[in-house]
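Chain by chain, the residues:
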Amino acid sequence: MQQQIAVITLGIAEIARSKRFYGEGFGWKPVFETEDIVFYQMNGMVLATWLAAALAADSGQAGKSPGAVSLAHNVTDKEAVQPLLDQLVAAGGSLLRPAGAPPHGGFRGYVADPDGHAWEIAWNPSWPMDAVGHVTFGI
């Protein structure tokens, strides 16, 4: 079985609020959208933001809550972490953890999107990133 993820879909409350966070915060542009879902083309996969009620009905998970999940956005250098956290907060996100150096190395902070999805903004010198943003696991 090929190890890959094709699409990650996040349940959201409001399209406009979510688009502001991902558009103004990360600078991402939708590749397709309707009144209840927005798709962003990523490097080798797709991120979707879908109205939570529609996602719950489609997946059969109505009334259930997922476990703890964190998504990560890596940057190419340590100095890029704090400005991106600031930009995401200005676009409607909530700071969860200020930028700092964890015991295992690198530099990171956490922000939640307007719907509470946690995003780690991280720089890790052991995880090289190519020109198109592909990260390779390293120790």
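Residues numbered from 1 in each chain as written. Predicted model: local features only at pLDDT ≥ 70, side-chain atom pairs only at ≥ 80, totals over all residues. Heavy atoms only, no water.

Could you give an account of the overall build of the protein, with specific residues and numbers?
The helix and strand tally for the protein stands at 3 helices and 8 strands. Counting from the amino terminus, the protein carries its helices and strands in the arrangement β-α-β-β-β-α-β-α-β-β-β. Relative to its length of 139 residues, the protein is compact, with a C-alpha radius of gyration of 15 Å against a globular reference of 14 Å. Principal-axis analysis of the C-alpha atoms places the extent of the protein at approximately 40 × 40 × 30 Å. (Helix = DSSP H or I, 4+ residues; strand = E, 2+ residues; numbered from the N terminus. Rg over C-alpha atoms; globule rule 2.2 N^0.38 Å.)

Provide a residue-level description of the sheet that holds strand β1 (residues 7-12), including the pertinent values.
Taking strand neighbours across the sheet as the criterion, the 4 strands line up as β1-β4-β3-β2 in an open arrangement whose pairing is mixed. Every other strand in the sheet has two partners, leaving β1 and β2 (32-33) as the edge strands with one partner each. Two elements, β2 and strand β3 (residues 37-41), share 2 bridges in a ladder whose sense is antiparallel. Among the inter-strand pairings, F32 is bridged to a residue of β3, identified as F39. Its contacts with the sheet put helix α2 (residues 52-59) on β1 and β4 (46-51), and the angle it makes with β4 is roughly 105°. (Pairing = 2+ DSSP bridges. Contact = heavy atoms within 4.5 Å. Axes fitted to C-alpha atoms, helices over the stretch in contact; angles between N-to-C directions.)

Give a description of the nonpolar core that names residues and reports values.
Y22, F26, W28, L47, L88, W119 and I121 are the most contacted members of the largest nonpolar core, which totals 20 residues. Contributions of two or more residues to this core are made by β1, α1 (15-25), β3, α3 (81-90), β7 (107-112) and β8 (118-123). Here the element with the most residues in this core is α3; it accounts for 4 residues. With residues near it in sequence (within four places) discarded, W28 still touches Y22, G23, Y40, M42, L47, H73 and W119. (Core = buried A, V, L, I, M, F, W, Y, C linked by side-chain atoms within 4.5 Å. Buried < 20%, exposed > 50% of the residue type's maximum accessible area, 1.4 Å probe, protein only.)

How would you sum up the sheet that holds strand β6 (residues 94-100)? Please name residues and give values.
One open sheet accounts for 4 strands, arranged β5-β8-β7-β6; its pairing is mixed. Two strands in the sheet have a free side with no partner beyond their single neighbour: β5 (70-74) and β6. Between one strand axis and the next, the sheet turns through 20° on average, direction left out of account. The pairing of β6 with β7 spans 4 bridges and is classified as antiparallel. Its bridge partner being in β7, L95 is matched across the sheet by V111. Running over the sheet, α3 touches β5, β6, β7 and β8 and is turned about 5° from β7.

Could you give an account of α3, with specific residues and numbers?
Given 3.6 residues per turn, any residue in an α-helix points the same way as the ones three and four places further on. Listing the buried residues of α3 in full gives V81, L84, L85 and L88. Looking straight down α3, one finds that the buried residues subtend no more than 105° of arc, so they occupy a single side. Tucked inside the fold, the buried residues of α3 contact α1, β5, β6, β7 and β8. After α3 finishes, the residue G92 shows a positive phi value of roughly 110°. (Arc of directions from axis to C-beta.)

Can you break down the pattern of salt bridges residue by residue, with the values?
Counted under the stated rule, the structure contains 3 salt bridges. A salt bridge links E33 to K19; the nearest nitrogen and oxygen atoms lie 2.7 Å apart. Remark: K19 occurs in helix α1 and E33 occurs in strand β2; sequence separation between them is 14 residues. (Salt bridge = Lys/Arg side-chain N within 4 Å of Asp/Glu carboxyl O.)

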